[in-house]
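Architecture and fold: a report
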Amino acid sequence: MATVPIPATSSPGVVLEMLYSMRVKDAMTGDVVTASPSTSLHEVQALMREHAITGVPIVDEGRLVGIVAIGDIIEALDARATDARAMERPAREAMTSSVVTLDDEMPLSLAVTYFDRYKFGRFPVLDSSGRLAGIITASDILRRLLIALNEEIVRMEQRMAGRQRATEGPVPAVELSFGTAPLDFSRAGNVSQRFKKALVERGCPPAIARRVAVASYELELNQVIHSKGGVMILRVFNDTIEVIAQDEGPGIADVDQAMQEGFSTANEWVRSLGFGAGMGLPNVKRVSDEFSIQSELGKGTTVRAVIRWSKE
Amino acid sequence: MRIREMAGIVDAEIIQGAFEDAELAGGYTSDLLSDVMAHAKAGEALITIQAHKNTVAVASLIGAPAIVVCNGRPVPEDMVEAARDEGIAIVRTDLSQYEVSGRLWKALRG
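Residues numbered from 1 in each chain as written. Chains lettered and ligands numbered in written order. Predicted model: local features only at pLDDT ≥ 70, side-chain atom pairs only at ≥ 80, totals over all residues. Heavy atoms only, no water.

Turning our eyes to something else, we now look at the interface of chain B and chain A. Chain B puts 24 residues into the contact, and the matching count from chain A is 22 residues. Across the chain B to chain A interface the summed buried area is about 1700 Å²; carbon plus sulfur atoms make up 50%. Counting the contacts that link chain B with chain A gives 13 residue pairs in polar contact (both at pLDDT 80 or more). Mapped onto the side of chain B that touches chain A, the elements with two or more residues apiece are α2 (33-39) and α3 (53-62) of chain B. Sort the elements by how many residues they give to the side of chain B that touches chain A and α3 of chain B lands first, with eight residues. Here the residues of the side of chain B that touches chain A are counted per class, giving 12 nonpolar, seven polar and five charged. (Contact = heavy atoms within 4.5 Å. Buried area = accessible area lost by both parts, 1.4 Å probe. Polar contact = N/O pair within 3.5 Å; in protein donor to acceptor, adjacent residues only side chain to side chain. Helix = DSSP H or I, 4+ residues; strand = E, 2+ residues; numbered from the N terminus. Nonpolar A, V, L, I, M, F, W, Y, C, P; charged D, E, K, R; others polar.)

Here it is, written out as structure tokens:
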């Protein structure tokens, strides 16, 4: 089975995620230059020159019936040695009629696979009713990926700037931060275990470490269950320990409701694993000496839980 | 009561045996992991049907030395591995959470 020609296991998740989450229609050119079956090759050649393209889909009443590529034009030009009217022939006689097409809802990863497999320069794209919706070339995909990568890097820079703002003020004795990934239950809880171990190693009393563990575990699981991913930060000061959970959305519609014990938006599957009981945020608040939550729909949620060392 | 003794009382087989046979302070019975986080005390066995890797994370965070998997639920290999790394015992019994809790209560407090 052909796959995307980048290693799926060792590549940054963000690039694969882009290729799998974007659709062919996100990258294709929708405004397609087409010709009809009766258009002469001469006119098709003029279209190619005028629009700087190397292939023209041949469409009959909205249906794709074939494609004339620049190679077909070159053949016709050569054929003029024996047939003076070769370039006057209609497109239907020179076109390739068994065209490999893509559906507009297919993931972009599949388009990449097709370019790898078929070595064509372009693929016509059909919509769900089988009509020509656009055309996609390798450079369309490159351009779309560059835009998506650029957007992702802007988000990363904003995230880092946000973290720098969070680190103004007193300098913590210890600062740890780890990312979380949506629905990655195989690693869920790892961040909290690292936090707890770091505290215990530094002589933190077990009762305090336990409270930090409860707060960070609930916040970590919230990010895994509900968010698009985020970062968990542990900051240890002389008299306080801070757990900060910052995610990238989707944000909480009604924070007061989310703070009520028993309220949960988790699905059945998540609940069957023993999560989503609607106890997370109330648990965090209960073990914290200071608790704050900020959330904006479409932006994300930041929760800050502070636990004092001195309070045994 | 130590962990191995407890396993005998609840007719459990030891699935993950690389642990220190510690004295149990009691048990906590729940299938909601947030509830366990909130209320279980260190040193108590966790009595549950949640047989997956996250149960081990919760047990480790709260200091539960043993997990009793009830109703003979299958225990996945990644859960066993995680528990071995943490030195947490996993024992499995065909008894329900109610029966396990009852037997342990009787043995410890009765």
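Still to come is the rest of the account.
Let us now look at the layout of surface pockets. All names here are of chain A. Here the second largest pocket is characterised by a volume of approximately 580 Å³. Lining the second largest pocket are 36 residues, and of these Asn-222, His-226, Ile-252, Thr-265 and Leu-281 sit closest to its centre. Looking at the lining of the second largest pocket element by element, the count peaks at eight residues for helix α9 (residues 206-226). Its residues assigned to classes, the lining of the second largest pocket comprises 18 nonpolar, 15 polar and three charged. (1 Å grid on protein atoms, 1.4 Å probe; cavity = no way out; pocket = protein on both sides within 12 Å on 5 of 7 lines; lining within 4 Å. Points joined across faces, edges and corners; volume = space filled by probe spheres on them.)

Before going further, it helps to spend a moment on a negative patch on the surface. On the surface, Glu-77, Asp-78, Glu-81 and Asp-85 of chain B cluster together into a patch of negative charge. Mapped onto the secondary structure, Glu-77 of chain B falls in helix α4 (residues 77-86). (Patch = residues over 30% accessible without salt bridge, like charges linked within 9 Å, V, L, I, M, F, W, Y side chains within 5 Å. Areas by Shrake-Rupley, 256 points an atom, 1.4 Å probe, with all protein chains shown as cover. Salt bridge = Lys/Arg side-chain N within 4 Å of Asp/Glu carboxyl O. Lys, Arg positive; Asp, Glu negative; His and termini not counted. Charge placed at Lys NZ, Arg CZ, Asp CG, Glu CD.)

Now for the packing of aromatic side chains. Think of a pair of aromatic rings as described by two things: how far the centres are apart, and how the planes are tilted against each other in angle. Residue and element names in this part refer to chain A. Counted under the stated rule, the structure contains nine aromatic pairs over all chains. Arranged with centres 4.9 Å apart and planes meeting at 70 degrees, the rings of Phe-115 and Phe-123 form a pair that is edge-to-face. By way of ring pairs, the aromatic residues Tyr-114, Phe-115, Tyr-118, Phe-120 and Phe-123 are connected into one cluster. Cation over ring: Arg-194 sits above Phe-178, and NZ or CZ is 4.4 Å from the ring centre. (Phe/Tyr/Trp six-rings, centres within 6.5 Å; stacked < 30°, edge-to-face > 60°. Lys NZ or Arg CZ within 6 Å of the ring centre and 35° of its normal.)

The biggest cluster of nonpolar side chains holds 60 residues, and the ones touching the most others in it are Phe-185, Tyr-217 and Phe-275 of chain A. For this core, the leading source of residues is α9 of chain A, giving 11 residues. Apart from the residues within four sequence positions on either side, Phe-275 of chain A is in contact with Phe-185, Tyr-217, Leu-221, Ile-225 and Val-270 of chain A together with Leu-33, His-52 and Asn-54 of chain B. (Core = buried A, V, L, I, M, F, W, Y, C linked by side-chain atoms within 4.5 Å. Buried < 20%, exposed > 50% of the residue type's maximum accessible area, 1.4 Å probe, protein only.)

A few words on the sheet that holds strand β9 (residues 290-296) of chain A. All names here are of chain A. Strand order in the open sheet formed by five strands is β6-β7-β8-β10-β9, with antiparallel pairing between adjacent strands. Where the open sheet ends on each side, the last strands, each with one partner, are β6 (174-180) and β9. Adjacent strand axes in the sheet meet at a mean angle of 10 degrees when their direction is disregarded. Packed onto the sheet, helix α8 (residues 190-201) meets β6, β7 (230-236) and β8 (240-247) and runs at close to 170 degrees relative to β6. Lying over the sheet, helix α12 (residues 280-287) contacts β9 and β10 (300-308), oriented at roughly 145 degrees with respect to β9. (Pairing = 2+ DSSP bridges. Axes fitted to C-alpha atoms, helices over the stretch in contact; angles between N-to-C directions.)

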